[in-house]
Number of protein chains: 2
Amino acid sequence: MSKLLDQAVAELAKLPGVGRRTALRLAIHLLRRDREEVSALAEALQSFRNDIRYCRYCNNLSDEEVCPICADARRDRTTVCVVEHVKDVISIEQTRQYNGLYHVLGGIISPMQGISPSDLKIDLLLENIARGEIREVILALNTSVEGETTTFYITRRLANCGDIRITSLARGIGFGDELDYADELTIGHAIHNRTVIENC
Amino acid sequence: MSKLLDQAVAELAKLPGVGRRTALRLAIHLLRRDREEVSALAEALQSFRNDIRYCRYCNNLSDEEVCPICADARRDRTTVCVVEHVKDVISIEQTRQYNGLYHVLGGIISPMQGISPSDLKIDLLLENIARGEIREVILALNTSVEGETTTFYITRRLANCGDIRITSLARGIGFGDELDYADELTIGHAIHNRTVIENC
């Protein structure tokens, strides 16, 4: 096999979820694209990896020292939504239902994977809160054991931060989900925390 | 969203089978890799696209003017296996059952997709045959309508090339396939072309 092809396939196959067969398909596909397009892909990946920064306030990915959300004067600076990863910020932003700030922990507490609270940006969160503007902290972490542990840990750390409201995402049956397929814990929680239908 | 992240995601999402969600996952993954590793990926893609050549004899991908298979004196130069794509060469090479040469057509005749015989490397095949060494041409094309059309077309073109054996891949039940799941055409062909069990 050609060494150039071999190298391209080997590098592509290191991506998560890409086996050698898929890598070969991707490489062959690149041959059909213009050289400029392949250069654009290569340069986008390199400059993303080399030049990306983390916002000094919220730890979100950013092109500058401060990310566009933290720098935006129109955002509500009294609310901060704590998430695990950058992709959670994107998920919540796409709803257009939230106008506060974010705080990206960069992971969750997981003794199994050797991730302790000091590996996460929890101190940075407390520093931000210490500046006094924040009135509500939304803990938007997953409902896994690790997520609940992290929620519990942060709640404890926030206990002596003064009069701050600590909330979590509403749990219940998702839109479009069927009762048949929902698990017992979710249905139990949904019936316990049932909401009044306003229009009646 | 960060412009650098946005660009990386947009470029990755142009790859076949990669949506925006997967592209985001790949980009986030690259952040965890060393800068050198991401550079290696970017450079491998660019140099593959810019420096790869097509073998002047067989049209296979090659780093040099002549591919390693055509240049290898130990290969049987009396047999040529005609395939549609580069990936077919790799599939057959991986079997280690074939020691002849290859010829990559670069596609198959497909009026629906506007691919005519002149778009394929059929003249190059005839030129190679005209040099007089080749005694057998294996037409290893798919059994689709387009594949059969191409096989028929090439067979006709080879008719006045002298005493050359023209063969195709054996058709039958694949190893590990169950009769229950095989289609009628395959089973019919397999029973019609049944083979003698030598050990009896």
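Quantities reported herein were computed from a predicted structural model and do not represent experimental measurements. (Residues numbered from 1 in each chain as written. Chains lettered and ligands numbered in written order. Predicted model: local features only at pLDDT ≥ 70, side-chain atom pairs only at ≥ 80, totals over all residues. Heavy atoms only, no water.)

(A) Local environment of the packing of helix α2 (residues 20–32) of chain A against helix α3 (residues 35–51) of chain B. Relative orientation of the contacting elements α2 of chain A and α3 of chain B amounts to 50°, with a least axis distance of 9 Å. Judged on the interaxial angle alone, α3 of chain B and α2 of chain A are oblique. Seen along the crossing, α2 of chain A lies across α3 of chain B with a hand that is right-handed. Judged by residue contacts, Ala27, Leu30 and Leu31 of chain A of α2 of chain A engage Leu45, Phe48 and Arg49 of chain B from α3 of chain B. Looking at side-chain class alone, the contact of α2 of chain A with α3 of chain B contains five nonpolar, no polar and one charged residues. (Axes fitted to C-alpha atoms, helices over the stretch in contact; angles between N-to-C directions. Helix = DSSP H or I, 4+ residues; strand = E, 2+ residues; numbered from the N terminus. Parallel < 35°, antiparallel > 145°, perpendicular 65-115°, else oblique. Left-handed = near helix turned anticlockwise from the far one by under 90°. Contact = heavy atoms within 4.5 Å. Nonpolar A, V, L, I, M, F, W, Y, C, P; charged D, E, K, R; others polar.)

(B) Molecular detail of the interface of chain A and chain B. The interface of chain A with chain B comprises 46 residues on the first partner and 46 residues on the second. Summing both sides of the interface, chain A and chain B together bury roughly 4700 Å²; the carbon and sulfur share of this comes to 71%. Summed over the three residues of chain A that lose the most area to chain B, namely Leu31, Phe48 and Arg49 of chain A, the buried surface amounts to 15% of that side. If you look at where chain A meets chain B, you find zero salt bridges. Counting the contacts that link chain A with chain B gives 14 residue pairs in polar contact (both at pLDDT 80 or more). When the residues that make up the side of chain A that touches chain B are grouped by side-chain class, the tally is 25 nonpolar, eight polar and 13 charged. (Buried area = accessible area lost by both parts, 1.4 Å probe. Salt bridge = Lys/Arg side-chain N within 4 Å of Asp/Glu carboxyl O. Polar contact = N/O pair within 3.5 Å; in protein donor to acceptor, adjacent residues only side chain to side chain.)

(C) How the structure looks around the relation of the copies chain A and chain B. The two copies are related by a screw operation: chain A maps onto chain B through 180° of rotation and 0.0 Å of translation along the axis, at an RMSD of 0.1 Å. What the rotation and shift describe, once combined, is the action of a two-fold rotation axis. Considering only C-alpha atoms, the residue of chain A closest to the rotation axis is Ala42 of chain A, which sits at 2.2 Å. Both copies share a contact surface, since 100% of the interface residues of chain A are interface residues in chain B too. (Least-squares fit on C-alpha atoms with pLDDT ≥ 70 in both.)

(D) Main features of the sheet that holds strand β6 (residues 165–168) of chain A. Residue and element names in this part refer to chain A. The parallel open sheet is built from four strands, whose spatial order is β4-β3-β5-β6. Two strands bound the open sheet, and with one partner strand each, they are β4 (100–104) and β6. The average undirected angle you get between the axes of adjacent strands in this sheet is 25°. Relative to β6, strand β5 (residues 136–139) is paired through four bridges, and the arrangement is parallel. The residue bridging Leu139 from the neighbouring strand is Ser168, located in β6. Sheet contacts for helix α7 (residues 145–158): β3 (76–83), β5 and β6; angle to β5, the most-contacted strand, approximately 165°. (Pairing = 2+ DSSP bridges.)

(E) A look at helix α1 (residues 3–12) of chain B. For α1 of chain B, every residue scored as buried is listed here: Leu4, Leu5, Ala8, Val9, Glu11 and Leu12 of chain B. Mapping the buried residues of α1 of chain B onto a view down its axis gives an arc of 165°, with all of them on the same face. Of the surrounding secondary structure, the elements contacted by the buried residues of α1 of chain B are α3 (35–51), β2 (61–62) and α5 (86–95) of chain A together with α2 (20–32) of chain B. The backbone nitrogen of Leu4 of chain B has a side-chain oxygen 3.3 Å away, supplied by the residue at the start of α1 of chain B, namely Ser2 of chain B. (Buried < 20%, exposed > 50% of the residue type's maximum accessible area, 1.4 Å probe, protein only. Arc of directions from axis to C-beta.)

(F) The sheet that holds strand β4 (residues 100–104) of chain B, seen in detail. Residues and elements named next belong to chain B. If you trace the four strands from one edge of the open sheet to the other, you get β4-β3-β5-β6, paired in parallel fashion. Looking at the sheet topology across the chains shown, the edges are occupied by β4 and β6 (165–168). Taken over all neighbouring pairs, the strand axes of this sheet differ in orientation by 25° on average, direction set aside. As paired strands, strand β3 (residues 76–83) and β4 are joined by five bridges and run parallel to one another. Among the inter-strand pairings, Cys81 is bridged to a residue of β4, identified as Tyr102. Of the strands in this sheet, β3 and β4 touch helix α5 (residues 86–95), which is tilted by about 160° from β4. Across the sheet, helix α7 (residues 145–158) touches β3, β5 (136–139) and β6, and the angle it forms with β5 is around 165°.

(G) Broad picture of the packing of aromatic side chains. Inspection of every chain in the model, using the stated rule, returns two aromatic pairs over all chains. With centroids separated by 5.2 Å and ring planes inclined at 65°, the aromatic side chains of Tyr98 of chain A and Tyr102 of chain A adopt a geometry described as edge-to-face. (Phe/Tyr/Trp six-rings, centres within 6.5 Å; stacked < 30°, edge-to-face > 60°.)

(H) View of the pairing of β5 of chain A. Residue and element names in this part refer to chain A. In β5, alternate side chains face the same way, and those of Glu136 and Ile138 on one face and Val137 and Leu139 on the other are all buried. Sheet analysis places β3 next to β5, joined by four bridges and oriented parallel. When the sheet's bridge partners are listed, Cys81 is paired in β5 with Ile138.

(I) View of the layout of surface pockets. Roughly 520 Å³ of internal volume is contained in the largest pocket. Forming the walls of the largest pocket are 20 residues, and the residues nearest its centre are Lys87, Ile90, Ser91 and Gln94 of chain A together with Leu24 of chain B. Those elements that provide at least two residues to the lining of the largest pocket are α4 (68–71) and α5 of chain A together with α1 and α2 of chain B. Top contributing element to the lining of the largest pocket by residue count: α5 of chain A, with eight residues. Looking at the lining of the largest pocket residue by residue, the class counts come to 10 nonpolar, four polar and six charged. The volume enclosed by the second largest pocket comes to roughly 370 Å³. Surrounding the second largest pocket, Thr143, Ala170, Arg171, Gly172, Ile173, Gly174, Phe175, Asp183, Leu185, Thr186 and His189 of chain B form its lining. Split into classes, the residues belonging to the lining of the second largest pocket amount to four nonpolar, five polar and two charged. (1 Å grid on protein atoms, 1.4 Å probe; cavity = no way out; pocket = protein on both sides within 12 Å on 5 of 7 lines; lining within 4 Å. Points joined across faces, edges and corners; volume = space filled by probe spheres on them.)

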